[in-house]
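Observations on the three-dimensional arrangement
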Amino acid sequence: MRISQLQSRGGIIDMADETSFNFWDKTMSQLKGELNIILDIIPQGSKVIYVDYPVYYNIGDLLIMLGTAKFFQENNISLLNKFNVHNFPSNYNIPENVIIVCQGGGNFGDIWETHQNFRNKLMDQFSNTPIVILPQSIYFGKESNAKLVRNIFEGHRNNFVFVRERDSEAQLLKWLPNTQYSVCPDMAHMLWPGLYKGNNLGRNRLGLLRSDKEKSVSTTNISSMMDWEEIISQEDNEFALSIISKIGNEENVYQQWLEHAVKIVNRAINTFSDSSEIVTDRLHGHLLSCLMGIPNVFLPNAYHKNKSYYDTWTKPLANTVKFV
């Protein structure tokens, strides 16, 4: 898989576009550079087991996966094995001096329980192996669920959590006060500046609005609205099911899915390319717009994630990015 196969439709940069690029680049390059804090915990040249990569069609999580793959490549981090939640073996021996690295995202807590339960099992099963969780947004709706996770994490001897914004830091300090952590942007920032589109913007105003349980209560007056699922075909769904059913040969499964993820993300890029502005309550609708240099209106999701991310990281883009 070559991440360079991600496509943009930018053309020759003229003087006006150079000014536009410099505006985006000032913030986006800084945010990409912030990811180097991860190397304090996963040093260059480390050997890792990469787990919980997303075999589903939340394109935000696919962007995270592709950014993570680029981070590993650029820092000479060796992936000894790669597992999703479906093909992780029940009996698995991890060599010494290896780190388990969990995919980042917005599923730490009790909203998306499948992924949190998977991390809980890892903590129980590999109590002597370092476990690092890449940048996550954190939210617990029930105190009992938070206490369960706290007990599991405190029973593990060496774990580290990167939190994705300041409100998630507050959640971590409230519910898991003894957990080691740092604040770090989303892994999708690794894709800057390869997706930048430039001034060659379309004329449409596109709404990308959630249809799941993180759906915002906000509404917007916009004629063209969609969610990620609308660019996914029946053939795509069948391919994902075929990947989920492949328990063995983890390397081959991961490579096939990574190549497919590039195609899906390119489809999202093409969808955004015809737009002069994106209105979205999806964090990665906002981030993909920023990676492409498209002005966007950013709306809240069902909990703190979107506003906190904007306040923590992307607020310097306020001349072109509005949080409503």
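Everything in this summary refers to the structure shown in the same document. (Residues numbered from 1 in each chain as written. Predicted model: local features only at pLDDT ≥ 70, side-chain atom pairs only at ≥ 80, totals over all residues. Heavy atoms only, no water.)

Details of the overall build of the protein chain
The criterion, for reference: Runs of E in the DSSP output that reach at least two residues are strands. Runs of H or I that reach at least four are helices, and both are numbered from the N terminus. Within these notes, the globule rule equals 2.2 Å times the number of residues to the 0.38 power, and the radius of gyration is based on C-alpha atoms. Exposure is judged per residue with a 1.4 Å probe applied to protein chains only, and the accessible area is read against the type maximum: over 50% gives exposed, under 20% gives buried, and values in between give partly exposed. Should any heavy atoms of two residues lie within 4.5 Å, those residues are counted as being in contact. Note on areas: Shrake-Rupley, 1.4 Å probe, and residue coverage restricted to the protein chains presented here. Only four residue types enter the charge count: Lys and Arg as positive, Asp and Glu as negative, with His and the chain ends excluded. Charged side chains are reduced to one point each, which is NZ for Lys, CZ for Arg, CG for Asp and CD for Glu.
If you tally the helices and strands in the protein chain, you get nine helices and 12 strands. A compact globule built from 324 residues should have a C-alpha radius of gyration of about 20 Å, and the protein chain, at 19 Å, falls within 12% of that. With respect to the principal axes defined by its C-alpha atoms, the protein chain has extents near 55 × 40 × 35 Å. Across the 324 residues of the protein chain, 55% fall into the buried class. Of all intrachain contacts in the protein chain linking residues separated by at least 6 positions in sequence, the fraction that spans at least 24 positions is 78%. Total accessible area on the protein chain is roughly 14,000 Å²; 46% of this is exposed by carbon and sulfur atoms. Each charge class in the protein chain was averaged separately, 30 positive and 34 negative side chains, and the resulting centres sit 2 Å apart.

A closer look at the state of the cysteines
Just so we agree on the cut-off: Cysteine sulfurs are considered disulfide-paired once they come within 2.5 Å of each other.
One pass over the full model with this rule turns up zero disulfides. Here Cys102 stays unpaired: no disulfide links it, and the sulfur of Cys184, its closest cysteine neighbor, is 15 Å away. On the basis of relative accessibility, which here comes to 1%, the residue Cys102 falls in the buried class. Residue Cys184 is classed as buried on the basis of its relative accessible area of 0%.

Examining the packing of helix H8 (residues 283-292) against helix H9 (residues 305-314)
How we decide: Angular values range over 0 to 180 degrees, each being the angle between N-to-C directions of two axes fitted as lines to C-alpha atoms, with helices fitted over their stretch in contact. Angle categories are assigned with fixed cut-offs, so that under 35 degrees is roughly parallel, over 145 is roughly antiparallel, 65 to 115 is roughly perpendicular, and the rest are oblique. Ten residue types, Ala, Val, Leu, Ile, Met, Phe, Trp, Tyr, Cys and Pro, are classed as nonpolar, four, Asp, Glu, Lys and Arg, as charged, and the remainder, Gly among them, as polar.
Relative orientation of the contacting elements H8 and H9 amounts to 30°, with a least axis distance of 10 Å. Relative to H9, the element H8 is oriented roughly parallel. The residues of H9 that touch H8, namely those facing Leu283, His286 and Leu287, are Lys305, Asn306, Tyr309 and Thr314. Of the residues contributing to the contact of H8 with H9, the split by class is three nonpolar, three polar and one charged.

Thoughts on H8
By the criterion of burial, H8 is predominantly enclosed, with 10 of the 10 residues buried. Of the positions making up H8, those classed as buried are Leu283, His284, Gly285, His286, Leu287, Leu288, Ser289, Cys290, Leu291 and Met292. Count one or two residues on from H8 and you reach Gly293, which has phi positive near 75°.

Quick word on the packing of helix H3 (residues 113-125) against helix H4 (residues 143-154)
Counted only if it meets this: Handedness of a crossing follows from how the near helix is turned relative to the far one, being left-handed for an anticlockwise turn of less than a right angle and right-handed for a clockwise one.
Between H3 and H4, whose axes approach to 9 Å, the crossing angle comes to 30°. With respect to their mutual orientation, H3 and H4 come out roughly parallel. As H3 runs across H4, the sense of the crossing is left-handed. On H4, the residues touching Gln116, Asn120, Met123 and Asp124 of H3 are Val149, Ile152 and Phe153. Here the contact of H3 with H4 is composed, by residue class, of four nonpolar, two polar and one charged.

Topic: the sheet that holds strand E10 (residues 275-280)
Note the cut-off: Two strands are said to pair when DSSP picks up at least two bridges between them.
An order of E9-E8-E10-E11-E12 is seen for the five strands of this open sheet, with the pairing classed as parallel. Only two strands of the sheet have a single neighbouring strand rather than two, namely strand E9 (224-226) and strand E12 (321-323). Averaged over all pairs of adjacent strands, the angle between strand axes in this sheet comes to 20°, irrespective of strand direction. Looking at chain direction, E10 and strand E11 (residues 296-298) are connected through three bridges and run parallel. Its bridge partner lying in E11, Thr280 is registered against Phe298.

Some details on helix H2 (residues 59-74)
Condition: To estimate how far a helix should reach, multiply one less than its number of residues by 1.5 Å. In the analysis that follows, any N or O atom pair within 3.5 Å is treated as a polar contact, provided that within protein one partner can donate a hydrogen and the other can accept it, and provided that, for residues neighboring in sequence, both atoms belong to side chains.
The end-to-end C-alpha separation of H2 is 22 Å, in line with the 22 Å expected for 16 residues at 1.5 Å each. Burial within H2 is extensive, with 14 of its 16 residues counted as buried. Among the residues of H2, the N-terminal cap falls to Asn58, whose side-chain oxygen and the backbone nitrogen of Gly60 are separated by 2.9 Å. Asn76, located one to two residues past H2, shows a positive phi value of around 55°.

A look at the side chain of His304
Among the structural elements, His304 can be located in the loop between E11 and H9. Once you skip the residues sitting within four places of it in the chain, His304 turns out to touch Ile138, Tyr139, Glu165, Asp167, Ser168 and Gln171.

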